[in-house]
Amino acid sequence: MSQNYSFPPRSLVALATIGLLVLLAGADLRATGGIDPFDAPPPVAFGSGAAPSGAHCTDM
Amino acid sequence: MAAIRLSLAAFAVILVLAVFALAGPRAALLVAIGLGYGLVLEGLRFGFAGPWRVMVTERDGRGLLAQLLAIGITAAAAIPLIAAAPQELVGAAAPIGIAMIGGAFVFGAAMQLVMGCGSGTLVNAGSGNLVGAVALAGFVAGSFLGTLHLGWWTGLGSLPVLTVQDFFGSTGGLAVTLLGLAAVAAVVVLRSAPGKRLLPRRLFVAAVLIALLAIVNLAVAGQPWGIVYGLGLWGAKIAQAAGADLSANAFWSSPVHAERLSQSILTDYTSLTNIGLVVGAFLAMRWRAAPAAQVKRLRAESWAVVLLAGLVLGYSARLAFGCNIGAIFSGVSTGSLHGWVWFAAAFAGSTFGVRLRPILLRSPQIAAAEGSPA
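These numbers come from a predicted model, not from an experiment. (Residues numbered from 1 in each chain as written. Chains lettered and ligands numbered in written order. Predicted model: local features only at pLDDT ≥ 70, side-chain atom pairs only at ≥ 80, totals over all residues.)

Draft legend 1. Here's a closer look at the overall build of chain B. Helices and strands together make up the secondary structure of chain B, namely 17 helices and 2 strands. Its C-alpha radius of gyration of 20 Å places chain B within 12% of the 21 Å reference for a compact globule of 374 residues. Overall, chain B is about 60 × 50 × 50 Å in size when its C-alpha atoms are taken along their principal axes. Taken over 374 residues, chain B has a buried fraction of 60%. Partitioning the contacts of chain B with sequence separation of at least 6, the portion at a separation of at least 24 is 83%. (Helix = DSSP H or I, 4+ residues; strand = E, 2+ residues; numbered from the N terminus. Rg over C-alpha atoms; globule rule 2.2 N^0.38 Å. Buried ≥ 20, exposed ≤ 12 C-beta atoms within 10 Å, placed from the backbone. Contact = placed C-beta atoms within 7 Å.)

Draft legend 2. Summary view of the interface of chain A and chain B. On the chain B side, the residues contacting the 40 residues of chain A number 66 residues. The class makeup of the residues in the side of chain A that touches chain B is 27 nonpolar, 10 polar and 3 charged. (Nonpolar A, V, L, I, M, F, W, Y, C, P; charged D, E, K, R; others polar.)

Draft legend 3. Region of the structure containing helix H1 (residues 2-23) of chain B. Residues and elements named next belong to chain B. Between its terminal C-alpha atoms H1 stretches 32 Å, which fits the 32 Å expected from 22 residues at 1.5 Å a residue. Listed in full, the buried residues belonging to H1 are Ala12, Leu15, Val16, Val19 and Ala23. Down the axis of H1, the smallest arc covering the buried residues is 85°, so these residues share one side. Turned more than 90 degrees off the buried face of H1, the exposed positions are Ala2, Ala3, Leu6, Ser7, Ala10, Val13, Ile14, Leu17 and Ala21. Taken from the residues just after H1, Gly24 is the one with a positive phi, measuring 100°. (Expected span 1.5 Å × (residues − 1). Arc of directions from axis to C-beta.)

Draft legend 4. Representation of helix H9 (residues 201-221) of chain B within the structure. When the terminal C-alpha atoms of H9 of chain B are compared, their 30 Å separation across 21 residues agrees well with the 30 Å that a helix rising 1.5 Å per residue should span. Gly222 of chain B occupies a position one or two residues after H9 of chain B and carries a positive phi of about 85°.

Draft legend 5. Summary view of unusual backbone geometry. Residue and element names in this part refer to chain B. With a phi angle near 50°, Arg59 is a residue other than glycine that sits in the positive phi range. The backbone of Met115 shows a phi angle near 55°, a positive value even though the residue is not glycine. Following the sequence through the fold, Met115 ends up in the loop between helix H5 (98-113) and helix H6 (118-126).

Draft legend 6. How the structure looks around the packing of helix H2 (residues 25-43) of chain B against H9 of chain B. Residue and element names in this part refer to chain B. One way to put it is that H2 packs onto H9 with a least axis distance of 10 Å and a crossing angle of 165°. Comparing the axis directions of H2 and H9 gives the class roughly antiparallel. Crossing hand, H2 versus H9: left-handed. When H2 is examined against H9, the residues Arg26, Leu29, Leu30, Ile33, Gly36, Tyr37 and Val40 are found in contact with a partner set consisting of Ala206, Leu209, Ile210, Leu213, Val216, Asn217, Val220 and Ala221. The residue makeup of the contact of H2 with H9, split by class, is 12 nonpolar, 2 polar and 1 charged. (Axes fitted to C-alpha atoms, helices over the stretch in contact; angles between N-to-C directions. Parallel < 35°, antiparallel > 145°, perpendicular 65-115°, else oblique. Left-handed = near helix turned anticlockwise from the far one by under 90°.)

Draft legend 7. Inspection of the environment of Pro86 of chain B at higher detail. Note on placement: Pro86 of chain B falls in the loop between helix H4 (62-84) and strand S1 (95-97). Between the alpha carbons of Pro86 of chain B and Ala185 of chain B there is a distance of 30 Å; along the sequence they are 99 residues apart.

Draft legend 8. Inspection of the packing of H5 of chain B against helix H14 (residues 300-319) of chain B at higher detail. All names here are of chain B. Relative orientation of the contacting elements H5 and H14 amounts to 150°, with a least axis distance of 8 Å. Between H5 and H14, the angle falls in the class roughly antiparallel. In this structure, H5 meets H14 at a crossing whose hand is left-handed. Together, Ala99, Met100, Gly103, Val106, Phe107, Ala110, Met111 and Leu113 of H5 and Val305, Ala309, Val312, Leu313, Ser316, Ala317 and Leu319 of H14 make up the contact between the two elements. Looking at the contact of H5 with H14 residue by residue, the class counts come to 13 nonpolar, 2 polar and no charged.

Quick look at the structure:
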């Protein structure tokens, strides 16, 4: 007897994971009122003159 | 096969363009970098939990040496970059503390139970591994729960934030970091079995590519590669949507986190690279002519252990100020001393977890052979 699941296959599990992420991002975009494109940071932080604004795992 | 690959490439381009349209050029660049992480980690089989396991069980040091090489290359660029632009770039520095050390030890043990660390869990889930997907759900919940209690845990005692640059300056700090990495590599080589000491070409290429992506990550985001923060933020968003009020929580009411909570996850840098990483792993998995089989069947209680281990991974990573990426990779490569302590504590925990895995995770066939109900 095979020890591997015939279902769900890898593609289905991966697409379900990605689908849940898209759902989360979409619902969150709605809940937060969208993103103001004129408020977007410069493409690259290095050389921008702007202070770092993100959050990181090392933040308390 | 050609049609599938063309569709996969189109999917990647559409994702980057969609994020560009919704959140701007920096967000699009970070998703593209995340795609690169996923493609390299899954496509070239570069990981953290697996190499740590085989270092203990088979005295195979090649994967660990690849990690050290990647961190060294990243440090060689990241430390001078941060010194050149301290107003624009920050490192991954965090304090060494009791909870941080304990969290790293527990994280190391749990990552051997789910066969995936921070990046590994995302790669596994993105490549359709059922254990990875279940563990990711636990990881999100755990890293959120960790934020709720972080103040209490750090209150147990910790040192101030310390970096090698504080003691030796930027150039000296880089030299000390590279020497430290070389010393660890020497120990790994000495402890490895003959024939398992030299990097194969695949891992060498992967290490160089991961380092290049991490350097670009730092330059684009202004901060190093991280994973756990984004997962905790996703958990907080889900909790908020379910009616939780986080405004009184010390962590989520601090300005930087309150801002992230009030804005879309498409403005959060770690979320963007996480999303790209998951999709990149999917692309690499589907790109193969014959994708790997699904994971082996487990007993029902073993699935509960996987979910719980994911939760523990997330919670402990939050207390430890990062996982293998935020703490070791980014911490060490930008000079934080907590990265080195994390490394030692997590490796000890990982050695413990390797012994725990066969006891806690059992297939029905093994259980039946031993006479217990599957």
